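Chain by chain, the residues run as shown.
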Amino acid sequence: MSQPWPQEGAAAYQQPAPAPRQPGQVTSGRASVPVQRPAPESADPFAQQQVVAEPVARSLSAPAVTSAPLARPGTYPPERPPDGPPTGPEDGAGGPERTGPSGRVSRLRIGWHAIPRAGLRRVTVTPAAPPGLLLGRDQRQAPVPLRLFAPEPVRVTLVGGVWAAQLLIFRAFSVGVRVVVVTTEPRAWAGFGERATGQQNRLTVIGQEPGGPYGGTAQTPLMTVFDLGMTGPAASPPLGPWHTQLTILRQLDRPGVAAVQEAGLVVLQRLGGDEATLVAAACRLRPQSGQLLQSMNDDMMALIGDGDDRYLFLNQTPIEQQYVGLPRR
């Protein structure tokens, strides 16, 4: 014999009695729509069909009635409060990336960062390299730059051989320089520009001093090289912006002292005794500098006139040895 349901359970399973239907209404799954009774018969049967069809069409197009709460306007994802950074683990990897429905990250907030503190402690600042063309490194392996190109004209005198001049030019090709060589020995420069750059218009060899003034640009500087043996040009040619004059003195004697004194920068290979004496007097070097200039190795140079006198190692690369050759004077 089955036990009777408790009153509480029976009440839970009882269905509420349907509301009494009002006369003239039809209850459907969509809504309670009043249905008008057909009008009395008239002489026009089409008018009677229109009176009956219009309420039925309105009932079919009526929206569904639901008890769900209405949607409220808002944003997705919710924006962070403007008065503070996003919250999250401080030293961990952080939570999942916050993205919107389109997959885009949230708007950048100036002054906020998304790097954990553990990663921030590993961030270091590397000092900026000094400006100029890398000439070599000193005994402490610090880079020694040579400021060859600038908006104003630059004059450099090299006391050394053609090998040292071609090494400087080879490195200058990397910044887009265009070179004009004025020389009394064109065979020493034949084919050098084509081998180094693969182009025929990057280095031009001529036998007489060009006119001027000529100038280059920041993207394509101009360098005029005077390779006239033991002297510089007869007169200092006028230089334009981004124009560098490089004078090569294969051996320093008294006729070439003027080119050393007029230069803003002097680059030296190893010198002989008389050459070291002339350079020390022209550049007003300390007595011990003359001894250092005579004891440098073939792969060393001295830079005079750009701050302190600096002695450096050229650190020639294998590709430079292939196109320029081994160090020599």
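These numbers were taken from a predicted model, which means no experiment stands behind them. (Residues numbered from 1 in each chain as written. Predicted model: local features only at pLDDT ≥ 70, side-chain atom pairs only at ≥ 80, totals over all residues. Heavy atoms only, no water.)

1. Things to note about the pairing of strand E10 (residues 265–268)
Residue alternation in E10 divides its side chains into two sets, Leu265 and Val267 and Val266 and Leu268, and both sets are buried. Sheet analysis places strand E5 (residues 154–159) next to E10, joined by four bridges and oriented parallel. Bridging across to E10, Val156 finds its partner in Leu265. Sheet analysis places E10 next to strand E11 (residues 300–304), joined by three bridges and oriented antiparallel. Bridge pairing links Val267 to Leu303 in E11. (Buried < 20%, exposed > 50% of the residue type's maximum accessible area, 1.4 Å probe, protein only. Helix = DSSP H or I, 4+ residues; strand = E, 2+ residues; numbered from the N terminus. Pairing = 2+ DSSP bridges.)

2. What about the pattern of salt bridges?
Within the structure shown, the criterion is met by eight salt bridges. Glu152 is paired through a salt bridge with Arg147; the nearest N and O atoms lie 3.5 Å apart. Relative accessible area serves as the criterion here: at 38%, Glu152 is assigned to the partly exposed category. Of the charged contacts in the structure, one is a salt bridge between Glu320 and Arg171, with a shortest N-O distance of 2.9 Å. Remark: Arg171 occurs in helix H4 (residues 162–172) and Glu320 occurs in helix H9 (residues 318–324); sequence separation between them is 149 residues. In this pair, the class of Glu320 matches that of Arg171, namely buried. Several salt bridges share partner residues, and in doing so they unite Asp138, Arg140 and Arg310 into one network. (Salt bridge = Lys/Arg side-chain N within 4 Å of Asp/Glu carboxyl O.)

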